[in-house]
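One-letter residues, chain by chain:
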Amino acid sequence: AQTVTQSQPEMSVQEAETVTLSCTYDTSESDYYLFWYKQPPSRQMILVIRQEAYKQQNATENRFSVNFQKAAKSFSLKISDSQLGDAAMYFCAYRSALGAGGTSYGKLTFGQGTILTVHP
Amino acid sequence: KAGVTQTPRYLIKTRGQQVTLSCSPISGHRSVSWYQQTPGQGLQFLFEYFSETQRNKGNFPGRFSGRQFSNSRSEMNVSTLELGDSALYLCASSLRPVATNEKLFFGSGTQLSVL
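Residues numbered from 1 in each chain as written. Chains lettered and ligands numbered in written order. Predicted model: local features only at pLDDT ≥ 70, side-chain atom pairs only at ≥ 80, totals over all residues. Heavy atoms only, no water.

Enquirer: It is not clear to me how the interface of chain A and chain B should be interpreted in this structure. Could you clarify?
Expert: Interface size, as often reported, equals the accessible area lost upon joining of the parts. Contacts between the two partners involve 18 residues from chain A, matched on the other side by 24 residues from chain B. Buried area between chain A and chain B, both sides added, is near 1,800 Å², and the carbon and sulfur share of it is 49%. It is Arg43, Gly106 and Phe110 of chain A in chain A that bury the most area against chain B; as a group they hold 31% of the surface buried on that side. If you look at where chain A meets chain B, you find zero salt bridges. At the surface where chain A touches chain B, the tally comes to five residue pairs in polar contact (both at pLDDT 80 or more). If you list the elements that add at least two residues to the side of chain A that touches chain B, you get β5 (32–39), β6 (46–52) and β10 (88–96) of chain A. (Contact = heavy atoms within 4.5 Å. Buried area = accessible area lost by both parts, 1.4 Å probe. Salt bridge = Lys/Arg side-chain N within 4 Å of Asp/Glu carboxyl O. Polar contact = N/O pair within 3.5 Å; in protein donor to acceptor, adjacent residues only side chain to side chain. Helix = DSSP H or I, 4+ residues; strand = E, 2+ residues; numbered from the N terminus.)

Enquirer: Just to check I follow, could you spell out the layout of surface pockets for this structure?
Expert: In this approach, a probe sized like a water molecule rolls over the atoms, and the result shows the empty space that is left. There is about 400 Å³ of room inside the largest pocket. What lines the largest pocket is a set of 20 residues, and nearest its centre among them are Lys107 and Thr109 of chain A together with Leu43, Gln44 and Phe45 of chain B. Secondary-structure elements contributing two or more residues to the lining of the largest pocket are β1 (3–5) and β11 (109–110) of chain A together with β5 (42–50) of chain B. Broken down by element, the lining of the largest pocket gets its largest block of residues, four residues, from β5 of chain B. (1 Å grid on protein atoms, 1.4 Å probe; cavity = no way out; pocket = protein on both sides within 12 Å on 5 of 7 lines; lining within 4 Å. Points joined across faces, edges and corners; volume = space filled by probe spheres on them.)

Enquirer: What exactly am I supposed to notice about the sheet that holds strand β1 (residues 5–7) of chain B here?
Expert: Two orientations exist for strands paired in a sheet by backbone hydrogen bonds: parallel and antiparallel. All names here are of chain B. Spatial ordering of the open sheet is given by β1-β3-β8-β7, a layout of four strands whose pairing is antiparallel. Only two strands of the sheet have a single neighbouring strand rather than two, namely β1 and β7 (64–68). Shown here is a sheet whose adjacent strand axes are inclined to one another by a mean of 20 degrees, direction ignored. Alignment of β1 against strand β3 (residues 19–24), held across three bridges, turns out to be antiparallel. (Pairing = 2+ DSSP bridges. Axes fitted to C-alpha atoms, helices over the stretch in contact; angles between N-to-C directions.)

Enquirer: It is not clear to me how the nonpolar core should be interpreted in this structure. Could you clarify?
Expert: For soluble globular proteins, the rule of thumb is that nonpolar side chains tend to be buried together. With 25 residues, the main nonpolar core has Tyr25, Trp36, Phe75, Leu77 and Tyr90 of chain A as its most contacted residues. Those elements that place two or more of their residues in this core are β3 (19–21), β5, β6, β8 (64–69), β9 (74–79), β10 and β12 (114–119) of chain A. Apart from the residues within four sequence positions on either side, Phe75 of chain A is in contact with Cys23, Tyr25, Leu34, Phe35, Trp36, Gln51, Val66, Asn67, Phe68 and Cys92 of chain A. Judged by nonpolar contacts, the second largest core, of 21 residues, contains Cys23, Phe60, Met76 and Ala87 of chain B. (Core = buried A, V, L, I, M, F, W, Y, C linked by side-chain atoms within 4.5 Å. Buried < 20%, exposed > 50% of the residue type's maximum accessible area, 1.4 Å probe, protein only.)

In structure tokens, the structure reads:
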């Protein structure tokens, strides 16, 4: 079974600064997807960024970028120019790719989350 | 377009009772997934429904069940509630099954408290 680990229960950053959230995962599969979700106080999970394992290029979405190290099974999220609205719980998640013979292609496996505080 | 709607937002029940939670997906979406979120166990997958059929099921006891109607709305039911069932229950919808790499859209959840 796949596992996802977020070793930082809490992180804080000053507004306009950069912060990196860590995520590692364990899998024997070769093809899969990795995600970062944001959960603000409204509780609604919002997709921040997605990475396909077969792509070597790191995904980027505006101020959000990832550092995907497949061999090290590491998937960190970098938030640049942090804004007050970035304050939330961030979850790293894994999903098997369909057809790759994985066992969890129809579901997301989440890490425990990292609470991000942004100071003005 | 309206987002994923979950009702009720909050629910208080006592041990031994049963509860039904509702999820209305985004219009046109045919897949609905359910997740349980607790401080101790984090987010765990319950099940996924697509076109009224259960496609995938997580590792939960038989007290947890669900169904999907022809209009894609889904309900999940928990019978004989236990204190440990207190959690935020999140629903997510997508156009096609999750396995096809569709983007998931989440609702704001139902917070269930079991006393």
